[in-house]
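# Chains, contacts and geometry: an overview
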Amino acid sequence: MRDTDLYARILGVDQPWQVTDVELRLAGGEVEVRVEYAASEGVSCPECGGPAKRYDTRLRRWRHLPTCQYKTILAAQVPRVKCPRHGTKTLVAPWSTPGSGFTALFEALVIDWLREASILAVSRRLDLTWDEVDGVMQRAVKRGLERRRLAVPRRLGVDETSFQKRHEYVTVVADLDRGVVHHVADGRGKAALGVYYEGFSEDERSQIETVAMDMWAPYIAATRDALPAADEKIAFDKFHVAMHLGKAVDRVRREENRLLSDRGDDSLKGTRHLWLYHPDRLPEKAAPRFDQLVRRALKTSRAWMLKELAMEMWECRDRQAARKIFNAWYSWAIRSRLEPIKHVARMIKRSLQGILNAIAAGVTNARLEGINTVIQGLKRSARGFRSRTRFRNAIYFHLGGLDLHPNGVTHSHS
Ligand SMILES: [Zn+2]
């Protein structure tokens, strides 16, 4: 087989396009594959498909998948044609992606790498600039969002996440059953969630059964406006309640640490993370220190026990059992003389219906926590996002469940 035939095969170049030459530049580590449009072949207007006349050609180059370790460039004299109706137009090469200097297969490779690594890592690996990789990502998300047909979710999760370090937020809405992010909006006001609901018809909205969220008034208001019988559907999930209690435990710890430090006792210093573990997941080497702290009659250990006891509500299968546990817990919490705990206890009491809804609907925190973990990871690996749009698109890229590949490239992953 001649090398031109071989390349025609592996590049998927088909009639009327043909590979005319392959040049191997050993020193530069490059292969250039030249492709031409067959001279005998007629042309039609790329705009309307009607008959057209050949005019001239334009040299264009695309970066393609590497041949072994060699950077591979596809170069073609692309015919321009004259259409009586549309004037001069350039033919569309079947391997290309509009607006990009890469073949569709190469873009697909970049997309697959981006699922595994940061923009910076991918740009180093594939010898591309940061902007080139970013361009592939932005085009992929745009394509994916245009192709997407949103199915009405049965169970939704709404969460806020901070953008950069300032107190700026975006609202993230996810389909909890499919584990896919549907919507990313600026801010965490009522409209941020309201605009998502507006994308569905009234009939579709009535099919939403549960909306898991934090105890956050604007999200509650938006849901009440959009869904019939919303108060039966709003669910305050374990993830968010645990977060509030965890913060309360830490407030108690900080206060107590200050008092102990004044007396020269540093035993609570640097223990913030110890109190956040689920007891079963405490690392072995931290266990002796933690056990010792719990056995001392510290305010912090009391706060921690109250947090763990509250979590038992989620072991229940039905409202009645959970309510019983809550009542016992609440009377202990409210008499605990731990102000931060009492504050959260009152908040939980006000939100009890929503908490019981979550328990009855079997909303687990796995999905919400999972999505949150991925978003925190994106922030870390990007070391902050230069713009809100990039942050939003990174979330869609990794969590949107979108069909990201260019046309004609079949999926290489599930
Ligand atoms: Zn035309």
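Residues numbered from 1 in each chain as written. Predicted model: local features only at pLDDT ≥ 70, side-chain atom pairs only at ≥ 80, totals over all residues. Heavy atoms only, no water.

Let's shift gears to the layout of surface pockets. For the largest pocket, the calculated volume is near 1200 Å³. Considering the residues around the largest pocket, the lining is formed by 35 residues, among which Phe 239, Ala 242, Lys 307, Asn 365 and Glu 369 are closest to the centre. For the lining of the largest pocket, the secondary-structure elements that each account for two or more residues are α8 (238-262), α10 (299-311), α13 (352-361) and α14 (366-382). Broken down by element, the residue count for the lining of the largest pocket peaks at nine residues, all from α8. Of the residues contributing to the lining of the largest pocket, the split by class is 12 nonpolar, nine polar and 14 charged. (1 Å grid on protein atoms, 1.4 Å probe; cavity = no way out; pocket = protein on both sides within 12 Å on 5 of 7 lines; lining within 4 Å. Points joined across faces, edges and corners; volume = space filled by probe spheres on them. Helix = DSSP H or I, 4+ residues; strand = E, 2+ residues; numbered from the N terminus. Nonpolar A, V, L, I, M, F, W, Y, C, P; charged D, E, K, R; others polar.)

Our next topic: the sheet that holds strand β9 (residues 210-213). Sheet strands pair via backbone hydrogen bonds, and the direction of the pair is either parallel or antiparallel. Strand order in the open sheet formed by five strands is β8-β7-β6-β9-β10, with mixed pairing between adjacent strands. At either margin of the open sheet sits one strand with a lone partner, and together these are β8 (180-186) and β10 (234-236). The mean inter-strand angle of the sheet, taken between neighbouring strand axes irrespective of direction, is 25°. Judged from the eight bridges that link them, strand β6 (residues 155-163) and strand β7 (residues 168-175) form a sheet pairing that is antiparallel. Across the sheet, Leu 156 pairs through a bridge with Asp 175, a residue of β7. Across the face of the sheet, α13 comes into contact with β6, β9 and β10 while running at roughly 90° to β10. Of the strands in this sheet, β6, β7, β8 and β9 touch α14, which is tilted by about 25° from β6. (Pairing = 2+ DSSP bridges. Axes fitted to C-alpha atoms, helices over the stretch in contact; angles between N-to-C directions. Contact = heavy atoms within 4.5 Å.)

Right, let's talk about the side chain of Glu 308 for a bit. Inspection of the secondary structure puts Glu 308 in helix α10. We note that Glu 308 is buried and unpaired, the nearest opposite charge coming from Lys 307 at a distance of 4.1 Å. Other than its neighbours up to four places away in sequence, Glu 308 contacts Tyr 277 and Pro 279. (Buried < 20%, exposed > 50% of the residue type's maximum accessible area, 1.4 Å probe, protein only. Lys, Arg positive; Asp, Glu negative; His and termini not counted. Salt bridge = Lys/Arg side-chain N within 4 Å of Asp/Glu carboxyl O.)

Further remarks concern the coordination of the zinc ion. Summarising the metal site, the zinc ion is bound by the protein donors Cys 45 (SG), Cys 48 (SG), Cys 83 (SG) and His 86 (ND1), whose distances to it range over 2.1 to 2.3 Å. Coordination at the zinc ion is tetrahedral: its four donor atoms span angles of 104 to 115° at the metal. We classify Cys 83 as buried; its relative accessible area is 7%. (Donors = N, O, S within 2.8 Å, 3.2 Å for Na, K, Ca; no water. Tetrahedral: all angles 85-135°; square planar, octahedral: opposite > 155°, others 65-115°.)

Moving on, we come to the environment of Glu 198. Looking at the element boundaries, Glu 198 is found in helix α5 (residues 190-198). Glu 198 sits 56 residues away from Arg 254 along the chain, and the two C-alpha atoms are 44 Å apart.

A few words now on the pattern of salt bridges. One pass over the structure, following the stated rule, counts 29 salt bridges. One connected set of salt bridges, linked through shared partners, spans Asp 21, Glu 23, Arg 25, Glu 30, Glu 32, Arg 34 and Arg 61.

Right, let's get into the packing of helix α11 (residues 319-334) against α13. As a packed pair, α11 and α13 sit with axes 9 Å apart at the nearest point and diverge in direction by 135°. One finds that α11 runs oblique with respect to α13. Handedness of the α11/α13 crossing: right-handed. Contacts between α11 and α13 involve Arg 319, Ala 322, Arg 323 and Phe 326 from the first element and Leu 352, Gln 353, Leu 356, Asn 357, Ile 359 and Ala 360 from the second. Counted by class, the contact of α11 with α13 contains six nonpolar, two polar and two charged residues. (Parallel < 35°, antiparallel > 145°, perpendicular 65-115°, else oblique. Left-handed = near helix turned anticlockwise from the far one by under 90°.)

A few words now on the environment of Tyr 169. Checked against the element boundaries, Tyr 169 lands in strand β7. Residue Tyr 169 is classed as buried on the basis of its relative accessible area of 17%. In this structure the C-alpha to C-alpha distance between Tyr 169 and Ala 322, which are 153 residues apart in sequence, comes to 33 Å. Not counting residues up to four positions away in its chain, the partners in contact with Tyr 169 are Glu 160, Thr 161, Ser 162, Phe 163, Asp 186, Gly 187, Arg 188 and Arg 388.

The next subject is the nonpolar core. Counting residues in hydrophobic clusters, the biggest one holds 57 residues, and the most contacted among them are Tyr 197, Leu 245, Trp 329, Ile 341 and Ile 348. Once you skip the residues sitting within four places of it in the chain, Tyr 197 turns out to touch Leu 156, Arg 205, Ile 208, Val 211, Ala 222, Thr 223, Ala 226 and Leu 227. Val 122, Val 181, Ile 395 and Leu 404 belong to the second-largest nonpolar core, a separate cluster that totals 32 residues. (Core = buried A, V, L, I, M, F, W, Y, C linked by side-chain atoms within 4.5 Å.)

This part is about helix α1 (residues 3-11). When we look at burial in α1, the residues that qualify are Thr 4, Tyr 7, Ala 8 and Leu 11. Looking straight down α1, one finds its buried side chains confined to an arc of 105°; they lie on one side. Lining the buried residues of α1 we find β1 (17-25), β2 (30-37), β3 (53-67) and β4 (70-83). Positioned one or two residues after α1, Gly 12 has a phi angle of 70°, which is positive. (Arc of directions from axis to C-beta.)

Time to look at the packing of aromatic side chains. Remark: the centre distance and the inter-plane angle together describe each pair of aromatic rings, the angle taken between the planes. A complete count under the given rule lists 11 aromatic pairs for this structure. Here Phe 102 and Phe 106 contribute two aromatic rings whose centre-to-centre distance is 5.2 Å and whose plane-to-plane angle is 40°, an arrangement assigned as tilted. On the basis of relative accessible area, Phe 106 is assigned to the buried category, the value being 0%. Taken together, Trp 17, Tyr 37, Trp 62 and Trp 95 form an aromatic cluster joined through their ring pairs. Over the ring of Tyr 169 we find Arg 188; its NZ or CZ atom is 3.9 Å from the centre of that ring. (Phe/Tyr/Trp six-rings, centres within 6.5 Å; stacked < 30°, edge-to-face > 60°. Lys NZ or Arg CZ within 6 Å of the ring centre and 35° of its normal.)

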